[in-house]
Amino acid sequence: MKDSQARTIYLKDYQAPDYLVDHTDLSFELDPHATLVKSKLKIRRNPAVAQANETLPPLWLDGADLELLSVSINGELLPAHRYQQRAGGLSLSTDAPEFELEVHTRIAPEANTSLEGLYLSNGMYCTQCEAEGFRKITFYPDRPDVMSVFTTTIVAPASYPVLLSNGNKVDSGTTEDGRLRVTWEDPFAKPSYLFALVAGDLQHVEDSFTTCSGREVKLQLFTEARNIGKCAHAMTSLKHSMRWDEEVYGREYDLDIFMIVAVDHFNMGAMENKGLNIFNSACVLASPETATDAAFQRIESIVAHEYFHNWSGNRVTCRDWFQLSLKEGFTVFRDAEFSADMNSRAVKRIEDVTLLRTSQFAEDAGPMSHPVRPDSYMEISNFYTLTVYEKGAEVVRMIHTILGPEAFRRGSDLYFERHDGCAVTCEDFVAAMEDANGADLKQFRRWYSQAGTPVLDVEDTYNEALGEYSLTIRQQTPETPGQKGKLPLHIPITVGLLAEDGSPLRLDDAAGQMEVVLHLTEASQNFTFAGIASRPLPSLLRGFSAPVKLRYDYSSAQLQFLMQHDTDPFNRWDACQRLSINSLQTLQQQYRSGEALQQPAALIEGYAAVLDDAALDPALVAKMLALPSAQEIAEQGGEIDAAAIIAARTFARDAIATALAERFLTRYHALEQHKPYSPTAEDIAERSLKNTCLFYLCAAGSADALALAKGQFERGENMTDTAAALAALVEFGTETQAEGFLQAFYQQWQQDTQVVETWFGLQSGSAKFGTLERVQKLIAHPAFEVKNPNKVRAVIAGFAMRNFTQFHRADGSGYTFLADQVIALDKLNPQIAARLVTPLTRWKKYRAQESAQIHAALQKISVSGELSRDLYEVVSKSLE
Ligand code: 0A1
Ligand code: ZN
C-alpha cells in the first residue's frame, strides 16, 4: 500500500493565504488530448498577514496532472531559477507584493477518468472543481479562502456550439481559423472550486423567473438532444426553490441568468458552480415514463439544494475544507425544509431519519468516524460524508429547535449580512445565531467537534399523590477513533405526554402547550411535570429532535397505543419501527438458539390496525408497513449476525404477507389510479402504498398475486408502477419468469441510459441466490460502463451496499468480489473506489466468521499495489 503521498492535514494548522488573487482571467482552447489553458492572475500580498519590511514569502500554486508550458510575471517570461515544480504544485519567488502572473499549461480531458477537473462526458466537455479539482486545470491557489473575480474565454471547434462558464456572457465571435469563441464574466468573487466550464452540442429549454425585487432572471437547462423532453420537472423545481428562498430566508438570486447542465458522467449528485450548476443526469432529468416517484422527489430536492447554495456556500463560503458542513449541513437543512413544505413533512422527515439511522449512525460508529467539523483528513473527497451533510443538517435543525423559527431567521439574516462575500467558519455561523438573539450556544458547539452518536437512556416515575410525572434522562457518547472521554452535549428533546384515553396532555398550564422541548445539558438530568392526573405514556424525541439513539422500555401494547394516538406523525411511525425492531430481535434470538421461529403476533396486530385506519395518510401507512432494512436492523447494536437478520426479516415479511393478504388485496385495488401520472405528494403516497401491498401480496406467493404484478408491469402506466411490479416479479417469480420480464423490459428501454440503470439496480438488488453471478455477468454487459459512476453505483454498489442478503452470502464471495472491483476502479476513479469500499470497513462489527472474511477482502486491497490517496486513507484507517 502506498503511503508516500498520504499526508494528514490538520485544522489546527490552518493559516491564512500569503497571497490573494483579485482577478482571474482564463482562456481555454479545447482539444480532447491537448487543451491549452492560459491563466492571467492579478496577485497581491495578503495585507492580513503581511509584516512591515518583510522578505516576501514564495507564492505557492497547487497543480496536479498538468503540463507546464510557461510562466511569466508582468509580461516577462520567468527564468527557470525563479520557480520550482514540486509534487502537487509550483513554488515561485516574487520580488514585488503585487504583480500579474501568466501561466500556460496543457491538459488532456480525454484521459481524465477521475471526473475531477476538466473531462469529457459523451464527447461533451465539463468540469468538476470541488473540492480540489481546479488544480487539475491550471496552477492556482486552490483553496476556498482565496476568492477572485473570474473572466473565462472558451475557444472550441464549431461542433461545440454551446460554450458556457460562470456569470454573464459578455462577448462571442469566431476565430480566424473558424473556431467559436465566447467570453464569460462572473462579477461575484468566488473560490476556484466554484469555477465551471461546459462545451458541447447541447439543446436547452428556457424559462424565466421574476425575483422579489422585480428583476427578470433567464433560466436555462441544457442537455443532450435525446433528453430534451425530460427537463420540465427540474425547471418547475427550480422556480419553486427560487420563490421559497425569497419567502423563507429573504434570499434573492443575484445574476441575470441561471443555468443547469445535465451530464451522464458525474461522481456525485450535482454541483453548485456559480450561475452554472452541473448535474448528474440522474438527478435532474425525468419523465413519467422513465423516472420513478423517488427520482422525481430526489430531483426536486437536489435542484433546490444546489440553488440554495447560491447563498449558503457561494455568497458566503467556507474558509477551509474542515468547515465543509458550514455550507453542506446548512444547505441540506434548507433543502429538507423546502421538500417538507412542497410535499408531506412527516414522510420527508421519516426518509431523512431512516438514512441517518441506517447509514450515518454506522459511519459514526466505524473507523472513519469524524465530527461534523473534522479536525484532520488525508483526502478531503473522503469527507463528503453523511456526517458532514446529514448530521450537519441535524445540528442546524437543533439550533432551529432551540431558538425557534423567528430567532433562527434573525440569526441567518445576520449570518448572510455579516459574511456576504467572505470565506468563514462554522464558528461564525453559530456566533451569528447567538448574536442575533442574545442566545448562549456555548455547550451546543460540542456537536461540531465531538464524533459518535449519543445514546440516551430514559426512565420515568409517576407520583400519584403529588400528580407529578418525572423523566430521568442520561446521555453518553461512545468513544470514537482518536476521541476518548466525551463531554455531555446540549440536546433538545421534544416531548409530549398521552393520557390513558390517548388524548394529549397539557404540559404547561400557562401556555397551554401540548409538547415541550427539554434541554438536556448534563450527563443525567431530571425533568418533572406537575398536574398530571394519571400515569401518562411519554412520546419522546418527537420529530427526531436530536440525532441520538433513544432507549426507553416500551411494551408492545404501549407502542401500539402510540401508533394509534400520538399526535406527532413521526412518532407514530417511530413507534411502529420500534415494534418491528423488537419483533425482529426476538426472531433473531429464536434463530440463533435453533428454535422454530414464532409468529410475530404483536407486529401483525399492529400492522393490521394501521391498514384498518382509514384516516391515516397512505404515505404514512406505506412507511409504517415497511420493515426496517437489514442494514438498519444491523445497526441496533451488538454483534451483527447477517444470517440471523436475514432469516428473521424474511420470516416476519412472509408472516405479515400471509396473515394480512386480504387486507393488502383490498387496499391494492382501492388504490389503483385511473388518471394520468402526476408527481404530487398525494398521488405518490397512493402509489407507494399500492406498491407496498403488491410486494406483500407477491411475497405470500400466490399465482393470483403474481398475475396482478404481471398486469401492472404490462400496463406500464408509469415507471414507478412498472419498476415496482418488475421488482416483485424478479423477487418472487420463478427464475424463468423473472428472466423473461427482465428481457422484455430491457428490449423496450435499452436506448434510455437512466432506465437501463434502473434495470441494473433491480437485478443487483435481488435477494435471490445467484445474484452475485448475475452481477458478474452484468459487468460484462454492453450497457455497463466502468467509467460511468452511475452504472457502477447501479450494479456494484447496488449489490454491495443495498443487497444485504446476497452481499453477505455465507461463502464470503460477495466480499472478494467487491475487493476486486474496488482495486480495478481505483486506477480509474479514486473517489468512487473509496466510497465503494465502505461495506468492507465495518468488519469489526460482525460475527467471527464474516468478520474474518471481510477483513481478508480488505487486506487483499491493501496489498494489491499502489493505492490512490482516497482509497489508502479509508483502507488504512479501517485496518487499524
Ligand atoms: N457541493 C456539492 C457536492 C459535490 C462535492 C464534490 C463533488 O466532486 C468531488 C461534486 C459535488 C453538493 O453538495 O451538492
Ligand atoms: Zn451541497
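Residues numbered from 1 in each chain as written. Chains lettered and ligands numbered in written order. Predicted model: local features only at pLDDT ≥ 70, side-chain atom pairs only at ≥ 80, totals over all residues.

A. Expanded view of the overall build of the protein. Check the secondary structure of the protein and you find 28 helices and 31 strands. In summary, the protein has a C-alpha radius of gyration of 28 Å against a globular reference of 29 Å for 880 residues, a match within 12%. Overall, the protein is about 85 × 65 × 60 Å in size when its C-alpha atoms are taken along their principal axes. Burial analysis of the protein (880 residues in total) assigns 51% to the buried set. Counting contacts in the protein only where the partners sit at least 6 residues apart, residues at least 24 apart contribute 70% of the total. (Helix = DSSP H or I, 4+ residues; strand = E, 2+ residues; numbered from the N terminus. Rg over C-alpha atoms; globule rule 2.2 N^0.38 Å. Buried ≥ 20, exposed ≤ 12 C-beta atoms within 10 Å, placed from the backbone. Contact = placed C-beta atoms within 7 Å.)

B. View of the confidence of the model for the protein. Chain-level statistics for the protein give a pLDDT mean of 97 and a share of 99% at 70 or above. Note on the complex model: pTM 0.99, ipTM 0.99. (pLDDT = per-residue confidence, 0-100.)

C. Main features of the site of ligand 1. The local shell around ligand 1 holds 14 residues, among which Gln128, Glu130, Asn267, Met268 and Met271 are the closest. Residue assignment for the shell around ligand 1 shows that the elements contributing at least two residues are strand E20 (270-271) and helix H2 (293-308). Residues belonging to the shell around ligand 1 are distributed by class as follows: four nonpolar, six polar and four charged. (Near = placed C-beta within 6 Å. Nonpolar A, V, L, I, M, F, W, Y, C, P; charged D, E, K, R; others polar.)

D. Representation of unusual backbone geometry. Backbone torsion omega between Glu130 and Ala131 reads -5°, so that peptide bond is classified as cis. Tracing the sequence through the fold places Ala131 in the loop between strand E11 (124-128) and strand E12 (148-156). Residue Phe544 is not a glycine yet carries a positive backbone phi of 55°. In this fold, Phe544 is placed in the loop between strand E30 (537-539) and strand E31 (549-551).

E. Quick peek at the packing of helix H27 (residues 848-862) against helix H28 (residues 869-879). Their axes nearest at 10 Å, the elements H27 and H28 cross at an angle of 135°. Judged on the interaxial angle alone, H28 and H27 are oblique. Crossing geometry of H27 relative to H28 is assigned as left-handed. Only Val875, Ser878 and Leu879 of H28 make contact with H27, whose side of the interface consists of Leu858, Ile861 and Ser862. (Axes fitted to C-alpha atoms, helices over the stretch in contact; angles between N-to-C directions. Parallel < 35°, antiparallel > 145°, perpendicular 65-115°, else oblique. Left-handed = near helix turned anticlockwise from the far one by under 90°.)

F. Expanded view of the nonpolar core. Counting residues in each nonpolar core, the largest one holds 252 residues, and the members touching the most others are Val261 and Leu694. Apart from the residues lying within four places of it in its own chain, the contact partners of Val261 are Cys126, Leu164, Val198, Phe222, Leu276, Ile278 and Phe279. (Core = buried A, V, L, I, M, F, W, Y, C linked by C-beta atoms within 7 Å.)

G. Highlighting the sheet that holds E31. Strands sit in the order E29-E26-E25-E31 across an open sheet of four strands; the sheet is mixed. At either margin of the open sheet sits one strand with a lone partner, and together these are strand E29 (524-529) and E31. Across the sheet, the mean angle from the axis of one strand to that of its neighbour is 25°, orientation sign disregarded. (Pairing = 2+ DSSP bridges.)

H. Looking closely at helix H14 (residues 642-659). For H14, built from 18 residues, the straight-helix expectation of 26 Å at 1.5 Å per residue is met to within 8% by its first-to-last C-alpha distance of 26 Å. By the burial criterion, the buried members of H14 are Ala644, Ile645, Ile646, Ala648, Arg649, Phe651, Ala652, Ala655, Ile656, Ala657 and Ala659. The elements touched by buried residues of H14 are helix H10 (569-592), helix H11 (601-612), helix H13 (630-634), helix H15 (661-670), helix H16 (681-699) and helix H23 (804-807). (Expected span 1.5 Å × (residues − 1).)

I. Geometry of the environment of Gln560. Topologically, Gln560 is positioned in helix H9 (residues 556-565). Overall, Gln560 belongs to the buried group, with 20 C-beta atoms counted inside 10 Å. Through-space distance from the C-alpha of Gln560 to that of Val182 is 65 Å; in sequence the pair is 378 residues apart. In this structure, Gln560 is in contact with Leu579, Glu605, Gly606 and Ala609, ignoring residues within four places of it in sequence.

J. The UniProt feature "domain: Peptidase M1 membrane alanine aminopeptidase" (unreviewed entry) in the protein, seen in detail. UniProt records the feature "domain: Peptidase M1 membrane alanine aminopeptidase" (unreviewed entry) for residues 234-447 in the present numbering. The straight-line gap between the two end C-alpha atoms of residues 234-447 is 34 Å; of that span, 54% is helix and 9% is strand. (UniProt positions renumbered as here; feature names shortened; annotations may be inferred.)

K. How the structure looks around the sheet that holds strand E4 (residues 59-62). Strands sit in the order E4-E8-E7 across an open sheet of three strands; the sheet is antiparallel. Of all the strands in the sheet, the pair left with one neighbour each is E4 and strand E7 (83-86). Neighbour to neighbour, the strand axes of the sheet diverge by 20° on average, direction disregarded. When E4 meets strand E8 (residues 89-92), the two strands line up antiparallel, connected through four bridges. In the sheet register, Trp60 faces E8, and the bridge partner there is Ser91.

L. Quick peek at the pairing of strand E17 (residues 203-210). Note: E17 against strand E18 (residues 216-223), eight bridges, orientation antiparallel. By the bridge assignment, Ser208 is partnered in E18 with Lys218. Hairpin connection of E17 to E18: five residues between the antiparallel strands, including Gly214 at a positive phi of 90°.

M. Local environment of the environment of Thr127. Considering the arrangement of structural elements, one finds Thr127 in strand E11. Expressed as a C-alpha distance, the spacing of Thr127 and Met398, which sit 271 residues apart in the sequence, is 35 Å. Filtering out sequence-adjacent residues up to four positions away, Thr127 remains in contact with Gly117, Leu118, Ile137, Phe195, Ala196 and Leu197.

N. Quick look at helix H21 (residues 771-779). When we look at burial in H21, the residues that qualify are Thr771, Val775 and Leu778. End-on view of H21: buried residues confined to an arc of 60°, all on one side of the axis. Residues of H21 that are exposed and point more than 90 degrees away from the buried face comprise Glu773 and Lys777. Considering only its buried residues, H21 is in contact with helix H20 (753-764), helix H22 (789-800) and H23. (Arc of directions from axis to C-beta.)

O. Molecular detail of the pairing of strand E3 (residues 35-45). Burial of the side chains of E3 is restricted to one face: Thr35, Val37, Ser39, Leu41, Ile43 and Arg45 are buried, whereas none of Leu36, Lys38, Lys40, Lys42 and Arg44 on the reverse face is. Where strand E2 (residues 19-29) meets E3, ten bridges bridge the pair, whose relative direction is antiparallel. The residue bridging Thr24 from the neighbouring strand is Leu41, located in E3. The turn linking E2 back onto E3 is made up of five residues.

P. Region of the structure containing the environment of Cys426. With respect to the helices, strands and loops of the structure, Cys426 is situated in helix H7 (residues 426-435). Taking the C-alpha atoms as reference points, Cys426 and Arg373, 53 residues apart in sequence, are found 7.8 Å from one another. Each residue touching Cys426, except ones within four places of it in the same chain, is listed here: Gln323, Ser325, Leu326, Arg373 and Tyr448.

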